[in-house]
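Chain by chain, the residues run as shown.
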Amino acid sequence: MGLRFSFYYIAGLVVIISAQSQAANLQNDLDLDLESLMGMDVQATSAMKRTQSSFDTPTSIYVLSKERIINSGATSIPEALKVVPGLVVRQLDNNQWAITTRSVASRFVSKMLVMIDGQSLHTPQFSAVYWETLNVPLYDIERIEVIRGQGGLLWGTNASNGVINIITKNSIDTRGVYLDASAGNRLNYDANVRYGSDIGNKGSFRFYAHGNDQQASKKGSNLPSNDSSEMVNVGTRFDFTPNDRWSGLLQADYNRADMGQNLRAVLDDSNKNIPFSENTERQELRVMARVENRISDSADQMLQASWLKQDGEQTLFNEHFESADLDYQMNFIYQDLKVDWGLNFRYSHIHYEPSIVLSSDSRIEHLRQYGGLLQLQYKVLPDLDLIAGVRVDHNELTGWENQPLAKAVWKPTNNQTLWGSISKSVRIPSLIEFNDNFVVNGDLVSEIAETPTGIPLIDNYRIRTYLNGNDQVEAEQSMSYELGYRLSQVSWAIDASLYYTDSKDVAVIQVNVNEAQFAPVIGLLQLGQIDAAYQALTTTSISYDLVSQASVIAQGGDLTLTWQASESVKTEFGVSYNDFKYVLPPNTVPAIGYDSVTKQYFAKFDWQIFPRHSFFATVRYEDSTAYNVDNYTALDLAWNWDISPQWRLSILGKNLIAGEHLEYGNTGETFTIPNYIDESVAVKIRAKF
């Protein structure tokens, strides 16, 4: 109730403000720029930390444009990412997601760095992102840059498999009033409001708010579904440009989500992992300020400071996390040499309350991380560039880490790019891996004893079992070899990349039974003292210890073909293939993922039917042995009618032809019990003044 009140209050306030203002003459940013998209000449910044054409970027990169995001009908960031080729996007239920690339996805996958305007959302507790509360107004996103492969040199640790950087619009492009509202068979409502204007002739601003009320899934996989949600987001952004050499921005966001979820956990002395339902609440506050300075025609510098606060309350544990980041970066050109260097510092405060399932050995609550990077790009020949660099970081869990990189990019013609790279990346362990202990499903005596006793009281007892972190665990080191090729013709284009990654010091689970502790139990049983033997059994335990002793070979590639069939029809086809093989020491099992093959096929279809009518469709076929679910094909449709320059009506269909289906079945990795994902239909109305 509180969420609804807050949203409507803010929405009404912004509408009142907007009604008193003169409507701005806005450019319709929903017009498709097919020529730009076909030529892959969209600009990207995440891959080289400077703006350049994505076509020339020596990285496997995909830029999701604002037009694609809006026309797809997505209502959240994870939904928008579904259309990115080579990205694994699977729903656990209506709230929770598993997203990654070039590895097996998990809700808490730790090798893909996610950022908003360069501000990291990474939490050291899980080394992951809470996708369920990542809330950015989609209509204010300029683009989403997705890097498949190593991004550690430029963005630091835990970017071994990729980077997602969500880049929002300058407020000068969002002046005026924006309103939209959606409702459907699985959606009670999704509504947005935004107002923006100028600050004299020196800058601009916007205020915005978002509310969402979503129904629960129709069907659960073990319990009745409990994944309804209410979310609210309010935020603001100010941009300043006092002169040609200086610019700056200040932005802040507050997100709150009340969500249901189904979990499994050990909640009593039975030591049995039992399913249960609960409602959870998460809040997030982000603040970021940036100053950019054009030192000369060939040199720029940037200073960015950001603060992130997250709070989560649930049965398993209550978590409170804060981080402060400071980043400095300079880029300059000297003759044929481009130089990028930077420094960074991050302070994190993590506090959680111990619970029946979670405890900590050392209660680490403060972490500091700092480092720097240097990247050089030299034009050896008119069509050949060599790139080399290294990042050095210090963290308080594993000490100093380094991430060197070497690349070559060759442009034999203006419409071809061939690139290759060799790089090392690092994933530092999360606090869960380093010093926390989880109570997990107890092991039955009848299943672990060489010979069952035949005594039900003893054989049916579950021995208390722990998954223990380890302060001797090492950082995971990955060597990646990549090769890519791009070709752009008048009506079609191709983008292909191959990779081979060899990861060492991979965290796996080692079983530690400690058989000596069972000697008293066996002795009492031999004396026929059953009750005493049972009491002795309750003092025993089995440990699953995390150790960094495995290696993993990951290899595969991505192929995307874009074809403009006519002036009004644009299509995109793609395939991704990934193969993962673990090399395990004796008596260990993988912590996340296992030997598996993942294949993905997709097709997109953009059709400008009439000047005011457009149609967007995406078909995805997901084929994988990694998720314990059947393969599935899902179709998303969006029909958009621009009634006038101010008004648009859309009809949206999601997960069509797939029926009720499961997308994720690895409940042992996440404690989350998945629900069946539903087909859904919604209607959306949008207005801009």
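Residues numbered from 1 in each chain as written. Predicted model: local features only at pLDDT ≥ 70, side-chain atom pairs only at ≥ 80, totals over all residues. Heavy atoms only, no water.

The name an unreviewed UniProt entry gives the chain is TonB-dependent receptor, with Shewanella aestuarii as the organism. Recorded in UniProt under Sequence similarities (unreviewed entry), the annotation for the chain is "Belongs to the TonB-dependent receptor family. Hemoglobin/haptoglobin binding protein subfamily." The UniProt entry for the chain carries this comment under Subcellular location (unreviewed entry): "Cell outer membrane". (UniProt positions renumbered as here; feature names shortened; annotations may be inferred.)

Undergrad: Is there a simple way to explain the overall build of the chain in this structure?
TA: For the chain, the helix and strand inventory stands at eleven helices and 35 strands. Against the 2.2 N^0.38 benchmark of 26 Å for 689 residues, the chain shows a C-alpha radius of gyration of 26 Å, consistent with a compact globule. With respect to the three principal axes, the spread of C-alpha positions in the chain is 90 × 60 × 45 Å. Put simply, the chain has 689 residues, and 58% of those count as buried. Taking the contacts inside the chain whose residues are at least 6 apart along the sequence as the reference set, 65% of them involve residues at least 24 apart. Charge-centre separation for the chain: the mean point of 55 positive side chains lies 6 Å from the mean point of 81 negative side chains. (Helix = DSSP H or I, 4+ residues; strand = E, 2+ residues; numbered from the N terminus. Rg over C-alpha atoms; globule rule 2.2 N^0.38 Å. Buried < 20%, exposed > 50% of the residue type's maximum accessible area, 1.4 Å probe, protein only. Contact = heavy atoms within 4.5 Å. Lys, Arg positive; Asp, Glu negative; His and termini not counted. Charge placed at Lys NZ, Arg CZ, Asp CG, Glu CD.)

Undergrad: Sorry, what's going on with the nonpolar core here?
TA: One recurring pattern in soluble globular proteins is that nonpolar side chains are buried together. Core analysis: the biggest nonpolar cluster contains 27 residues, and Ile77, Leu81, Leu87, Trp131, Leu134, Ile144 and Ile164 have the highest contact counts within it. Looking at this core, the elements that each hand over two or more residues are β3 (61–65), α4 (77–81), β5 (97–100), β6 (112–116), β8 (141–148) and β9 (162–168). With near-sequence residues (within four places) excluded, leucine 87 lies in contact with Leu81, Ile99, Thr100, Thr101, Met112, Val146, Ile164 and Gln600. Counting 19 residues, the second largest nonpolar core, distinct from the first, contains Phe108, Phe317, Tyr352 and Phe438. (Core = buried A, V, L, I, M, F, W, Y, C linked by side-chain atoms within 4.5 Å.)

Undergrad: I keep staring at the packing of aromatic side chains and nothing clicks. Help me out?
TA: Note on aromatic pairs: each is described by the distance of the centres and the angle between the planes. Inspection of the entire model under this criterion finds 18 aromatic pairs. Taken together, a centroid distance of 5.9 Å and an interplanar angle of 25° make the contact between phenylalanine 205 and phenylalanine 238 stacked. Placement of the pair is phenylalanine 205 in strand β12 (residues 203–214) and phenylalanine 238 in strand β13 (residues 229–240), with a sequence separation of 33 residues. Ring geometry for tyrosine 461 against tyrosine 534: centres 5.4 Å apart, planes inclined by 80°, an arrangement best described as edge-to-face. You can see tyrosine 461 sitting in the loop between α8 (456–459) and β25 (462–468) and its partner tyrosine 534 sitting in helix α10 (residues 530–537), a full 73 residues away along the chain. Taken together through their ring pairs, the aromatic side chains of Tyr195, Phe205, Phe207, Phe238 and Phe240 make up a single cluster. Across the ring face of tyrosine 130, the terminal group of arginine 282 is positioned such that the distance to the ring centre comes to 3.5 Å. (Phe/Tyr/Trp six-rings, centres within 6.5 Å; stacked < 30°, edge-to-face > 60°. Lys NZ or Arg CZ within 6 Å of the ring centre and 35° of its normal.)

Undergrad: I tried to follow the sheet that holds β3 on my own but got confused; where do I start?
TA: In a beta sheet, neighbouring strands pair by backbone hydrogen bonds and run either parallel or antiparallel. Strands sit in the order β3-β8-β9-β6-β7 across an open sheet of five strands; the sheet is mixed. This sheet does not close on itself; its edge strands, each paired only once, are β3 and β7 (119–120). Examined bridge by bridge, β8 and β9 share seven bridges and lie antiparallel to one another. Bridging across to β9, valine 146 finds its partner in isoleucine 164. (Pairing = 2+ DSSP bridges.)

Undergrad: I tried to follow α10 on my own but got confused; where do I start?
TA: Given 3.6 residues to a turn, an α-helix orients residues that are three or four positions apart in the same direction. What α10 keeps buried is the set Ala533, Ala536 and Leu537. An end-on view of α10 places all buried positions within 100° of arc, on one side of the element. In α10, the exposed positions angled more than 90 degrees off the buried face are occupied by Asp531 and Gln535. For α10, the secondary structure elements touched by its buried residues are α7 (445–448), α8 and α9 (519–526). (Arc of directions from axis to C-beta.)

Undergrad: Where do I start with unusual backbone geometry in this structure?
TA: Leaving glycine out, the prevailing phi sign among residues is negative, and the prevailing peptide bond configuration is trans. In the Ramachandran plot, aspartate 117 falls in the positive-phi region, its phi being about 50° despite a non-glycine side chain. Secondary-structure assignment places aspartate 117 in the loop between β6 and β7. A residue is classified by how much of its surface remains accessible, and aspartate 117, at 6% relative accessible area, is buried. The residue aspartate 505 is not glycine, and still its phi comes out positive at about 55°.

Undergrad: Teacher, can you tell me more about the environment of phenylalanine 610 here?
TA: Of note, phenylalanine 610 is situated in strand β31 (residues 596–610). Between the alpha carbons of phenylalanine 610 and valine 193 there is a distance of 28 Å; along the sequence they are 417 residues apart.

Undergrad: Mind showing me how you'd approach the side chain of threonine 59 here?
TA: Mapped onto the elements of the fold, threonine 59 is located in the loop between β2 (52–53) and β3. When its relative accessible area of 5% is taken as the criterion, threonine 59 is described as buried. Of the polar contacts made by the side chain of threonine 59, one reaches the side chain of lysine 407; its length is 2.7 Å. Apart from the residues lying within four places of it in its own chain, the contact partners of threonine 59 are Ala47, Ile147, Lys407, Trp419 and Arg486. (Polar contact = N/O pair within 3.5 Å; in protein donor to acceptor, adjacent residues only side chain to side chain.)

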